[in-house]
Amino acid sequence: MILKNKIAVIYGGSGAIGGAVARVFAREGAKVYIAARSQEGLDVVAKDITGIGGQVETALVDAFDQQAVDRHAQAIAQKEGSIDILLNAVSVQHDQGTYLENLSMEEFMRPVNGFLKPLFITSKAVAPYMGGKRPGVILTLTTPGSKEPAPGVLGHCVVSAGTEAFSRVLAAEMASKNVRVVCLRPHAISDAPAAGSYTKDLFKTHAEYKQNAAGQPISEWLPNSPMAQSTLLKRLPTLSEVAETAAFVASEGAGAMTGAIVNLSCGALVD
């Protein structure tokens, strides 16, 4: 129970990554507050958590609405006294496969606004209630696109690099408040499409898929795709691996880790 008595808040808690992390956090003893725009998805995660005797509360919150997120974070802090862990797992559908010559400004900015805006809003809302006598942890999510010079994914790679920069700078700001900031960098997650991830549709626009496997279900193509074969381990990470690592990083066992990128890319990048 490495997160026993911790208060964790996950925005995007109905998604594949957010839900997987919420389940592991609860198993490890945290009380988990999950928020998203879909009650149906939240109910599925909450049912799994209560089924193992975990503690969970759900809320319909639009992570792009700063006032709504502020109210949600404040309500949790007033009830619990503080917030110990924050994960922003909000994701948006965006383009992967269009080169600059055909890429519109709207398509380029969609992932920039779609990922960085809720990251800023949720961090700003929760941070005032973290740290002090109870160490806090802010977890962020990025991809190997932060460093990979891959064609056709301009907006995606820019937002990945921006998330890592955001995490490093925020770590410097929050250190004096006893709050750590750690960025998790998985690759494409092999079993995420089967768990309902938006990547089920996202990778249909990916250049590798269009060239080599058009028509094949993403859940079958992805685990053995060129992306998987290009990693050192010749595979992609799983939801379980990401969630278990998130729980460890959020625990006191990783108390010396901040301002860091945790590379879960199976060797797509070697730092």
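Before reading on, note that the structure itself is shown above.
Conventions used here
- Residues numbered from 1 in each chain as written.
- Predicted model: local features only at pLDDT ≥ 70, side-chain atom pairs only at ≥ 80, totals over all residues.
- Heavy atoms only, no water.
- Helix = DSSP H or I, 4+ residues; strand = E, 2+ residues; numbered from the N terminus.
- Buried < 20%, exposed > 50% of the residue type's maximum accessible area, 1.4 Å probe, protein only.
- Contact = heavy atoms within 4.5 Å.
- Areas by Shrake-Rupley, 256 points an atom, 1.4 Å probe, with all protein chains shown as cover.
- Lys, Arg positive; Asp, Glu negative; His and termini not counted.
- Charge placed at Lys NZ, Arg CZ, Asp CG, Glu CD.
- Expected span 1.5 Å × (residues − 1).
- Core = buried A, V, L, I, M, F, W, Y, C linked by side-chain atoms within 4.5 Å.
- Pairing = 2+ DSSP bridges.
- Right-handed = clockwise from strand over helix to strand, strands pointing away.
- Patch = residues over 30% accessible without salt bridge, like charges linked within 9 Å, V, L, I, M, F, W, Y side chains within 5 Å.
- Salt bridge = Lys/Arg side-chain N within 4 Å of Asp/Glu carboxyl O.
- Axes fitted to C-alpha atoms, helices over the stretch in contact; angles between N-to-C directions.

1. A closer look at the overall build of the protein chain
Thinking step 1. Across its full length, the protein chain carries ten helices and seven strands.
Thinking step 2. Counting only C-alpha atoms and orienting by the principal axes, one finds that the protein chain spans roughly 55 × 40 × 35 Å.
Thinking step 3. When each of the 271 residues of the protein chain is scored for burial, the buried share is 53%.
Thinking step 4. A fraction of 73% describes how many contacts in the protein chain between residues 6 or more apart in sequence connect residues 24 or more apart.
Thinking step 5. With an accessible surface of roughly 12,100 Å², the protein chain has 54% of that area assigned to carbon and sulfur atoms.
Thinking step 6. In the protein chain, the 24 positive side-chain charges and the 25 negative ones have mean positions that sit 6 Å from each other.

2. Things to note about helix 5 (residues 154-174)
Since there are 3.6 residues in each turn of an α-helix, residues three or four apart along the chain are aligned in direction.
Thinking step 1. Taking 1.5 Å per residue, 21 residues should reach 30 Å; helix 5 reaches 30 Å between its end C-alpha atoms and fits that length.
Thinking step 2. Among the residues making up helix 5, those that are buried are G155, H156, C157, V159, S160, T163, E164, S167, L170, A171 and M174.
Thinking step 3. Packed against the buried residues of helix 5 are helix 4 (105-126), strand 5 (136-141), strand 6 (179-186) and strand 7 (260-264).

3. Digging into the nonpolar core
Thinking step 1. Among the nonpolar cores identified, the biggest contains 37 residues, and I10, F25, V32, I34 and L139 are the most heavily contacted of them.
Thinking step 2. For F25, the contacting residues outside a window of four places in its chain are L3, A8, I10, A30, V32, I85, L139, A246, A247 and A250.

4. Things to note about the pairing of strand 4 (residues 85-88)
If a strand is regular, its side chains alternate between the two faces of the sheet.
Thinking step 1. Neither face of strand 4 is left uncovered, since the one carrying I85 and L87 and the one carrying L86 and N88 both have all their residues buried.
Thinking step 2. Where strand 1 (residues 7-11) and strand 4 come together, four bridges link them in parallel fashion. Bridging from a neighbouring strand, V9 pairs with L86 of strand 4.
Thinking step 3. Running through helix 4, the crossover from strand 4 to the neighbouring parallel element strand 5 is right-handed.

5. Observations concerning the environment of Q229
Thinking step 1. Within the secondary structure, Q229 is located in helix 9 (residues 226-229).
Thinking step 2. As a C-alpha pair, Q229 and A268 span 39 residues in sequence and 9.3 Å in three-dimensional space.

6. Concerning a nonpolar patch on the surface
Thinking step 1. Together, L100, L154 and V158 make up a nonpolar patch on the protein surface, roughly 280 Å² of accessible area in all.
Thinking step 2. Residue position: L100 is located in the loop between strand 4 and helix 4.

7. Let's talk about the side chain of S190
Thinking step 1. Locating S190 in the fold gives a position in the loop between strand 6 and helix 6 (199-202).
Thinking step 2. Those residues in contact with S190 that lie beyond four places of it in its chain are L222, P223, L236, P237 and T238.

8. Description of the sheet that holds strand 7
Thinking step 1. Spatially, the seven strands line up as an open sheet ordered 3-2-1-4-5-6-7, and their pairing is parallel. On the outer flanks of this sheet lie strand 3 (55-60) and strand 7, each paired with one strand and no other. Strand-to-strand, the axes of this sheet are offset by a mean angle of 20 degrees, without reference to chain direction.
Thinking step 2. Its contacts with the sheet place helix 3 (residues 66-80) against strand 1, strand 2 (31-36) and strand 3, and it is angled at close to 165 degrees to strand 1.

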